[in-house]
Each structure stands twice: as structure tokens, then as C-alpha cells.
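Listed below, chain by chain, are the residues.
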Amino acid sequence: MVREIAEHELNELLELYLYLHEKTIPDMTEHLKKTWNTIIQDENHHIIVNEVDGNIVSSCVCVIIPNLTRKIRPYAFIENVVTHADYRGKGYATECLNYAKEIAEKANCYKMMLLTGSKEETTLKFYGNAGYNSTDKTAFIQWLE
């Protein structure tokens, strides 16, 4: 079942992020709690999860960004697309991305964007099959410490 995350599911999400790029689950510090509360209370920040047998197996983040161009239409940014290793290849992440698209369409977004650090052909093909292309824009990233 695809849906938005519930406030009490932070720990499950952090465990899932171990399949993304995290090495450990962060300690439950005040900073983490404050960040989580900020995310949960932000109407433009959507954490989408796919639940199977009571377990969160896949997720993505969709942030709606207000915008002053394109007839004052917002755009959506997709981040942290992840599926538990035992559940990959079953369409769960695609369902999350489709749910994100529904959110973006309801918000009248004019585009959706995502970045991936992966160079694996299967990952790039996955995003292409989900409707994203890598030909319209060029991405640049500046990492901050």
C-alpha cells in the first residue's frame, strides 16, 4: 500500500535508509527530532512509503517548491528513492514515484526533477521507465561540509 508516512514511523524510515547510502541509524538527538518535526509539519514535504505486510519496503521524498516563473507554477523535487534489498524489482519504488507524480499534479507543478548518483544501467533504465529523462537539463552539484 502506497501512502504518506505517519509521524510515528521515523525509525522504520531510518532503517530503510540503510539501503540507500547511510551506514548507521542516527542517534535520536534533539536535532533529529526537530528536523523530523519540521518535515512532518511542512505541507510541501511529502515522504511517500510503500508498505507490505506491515513493513515499509520502499520510499521516496517529494518536495513541492513554490516558484515565481512558469506562470507561478511550482515544481517537484524527488529525492531519497530507496527500496529494501529483499523487495527490489517488484515495482514498489515505481508505485512511490507514481504517487509522487499524483502529488505534483495536484499541486499544479510544471515539472518533476530527480538526481541520482548511480551510474548503473539498471538504475538509469528504471528512472527512464518511470518517465524521467536525462537529456533536458544538466545537473551540477556543489557539496557543502
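What counts, and where the lines are drawn
Residues numbered from 1 in each chain as written. Predicted model: local features only at pLDDT ≥ 70, side-chain atom pairs only at ≥ 80, totals over all residues. Heavy atoms only, no water. Patch = residues over 30% accessible without salt bridge, like charges linked within 9 Å, V, L, I, M, F, W, Y side chains within 5 Å. Areas by Shrake-Rupley, 256 points an atom, 1.4 Å probe, with all protein chains shown as cover. Salt bridge = Lys/Arg side-chain N within 4 Å of Asp/Glu carboxyl O. Helix = DSSP H or I, 4+ residues; strand = E, 2+ residues; numbered from the N terminus. Buried < 20%, exposed > 50% of the residue type's maximum accessible area, 1.4 Å probe, protein only. Phe/Tyr/Trp six-rings, centres within 6.5 Å; stacked < 30°, edge-to-face > 60°. Lys NZ or Arg CZ within 6 Å of the ring centre and 35° of its normal. Core = buried A, V, L, I, M, F, W, Y, C linked by side-chain atoms within 4.5 Å. Contact = heavy atoms within 4.5 Å. Pairing = 2+ DSSP bridges. Axes fitted to C-alpha atoms, helices over the stretch in contact; angles between N-to-C directions.

### Concerning a nonpolar patch on the surface
Then comes step 1: Side chains of Leu18, Tyr19 and Ile25 sit close together on the surface and give an oily, nonpolar patch of about 230 Å² of accessible area.
Then comes step 2: Inspection of the secondary structure puts Tyr19 in the loop between α1 (10–16) and α2 (30–41).
Then comes step 3: On the basis of relative accessible area, Tyr19 is assigned to the partly exposed category, the value being 34%.

### Some points on the packing of aromatic side chains
Then comes step 1: Taken as a whole, this structure holds three aromatic pairs when the rule is applied.
Then comes step 2: The ring centre of Tyr75 lies 5.5 Å from the NZ or CZ of Lys111, which sits over that ring.

### A short note on the nonpolar core
The tendency in soluble globular proteins is for nonpolar side chains to be buried side by side.
Then comes step 1: Counting residues in hydrophobic clusters, the biggest one holds 17 residues, and the most contacted among them are Ile48, Cys60, Cys62, Ile64, Ile78, Val81 and Leu97.
Then comes step 2: Examining the composition of this core, we find that six residues originate from one element, helix α3 (residues 92–106), more than from any other.
Then comes step 3: In contact with Val81, not counting residues within four places along its chain, are Leu20, Ser59, Cys60, Ala93, Leu97, Phe126 and Tyr127.
Then comes step 4: Membership of the second largest hydrophobic core comes to 14 residues, among which are Leu14, Ile39, Ile56 and Val61.

### Considering the sheet that holds strand β4 (residues 75–83)
Then comes step 1: With mixed pairing, five strands are arranged side by side in an open sheet as β1-β2-β3-β4-β5. Either end of the sheet is taken by a strand with one partner, and the two such strands are β1 (2–4) and β5 (112–114). Averaged over neighbouring strand pairs, the angle between their axes works out to 30 degrees when direction is ignored.
Then comes step 2: Pairing of β1 with strand β2 (residues 45–52) involves three bridges; the strand directions are antiparallel. Looking at the pairing, Glu4 lines up with Ile48 of β2.

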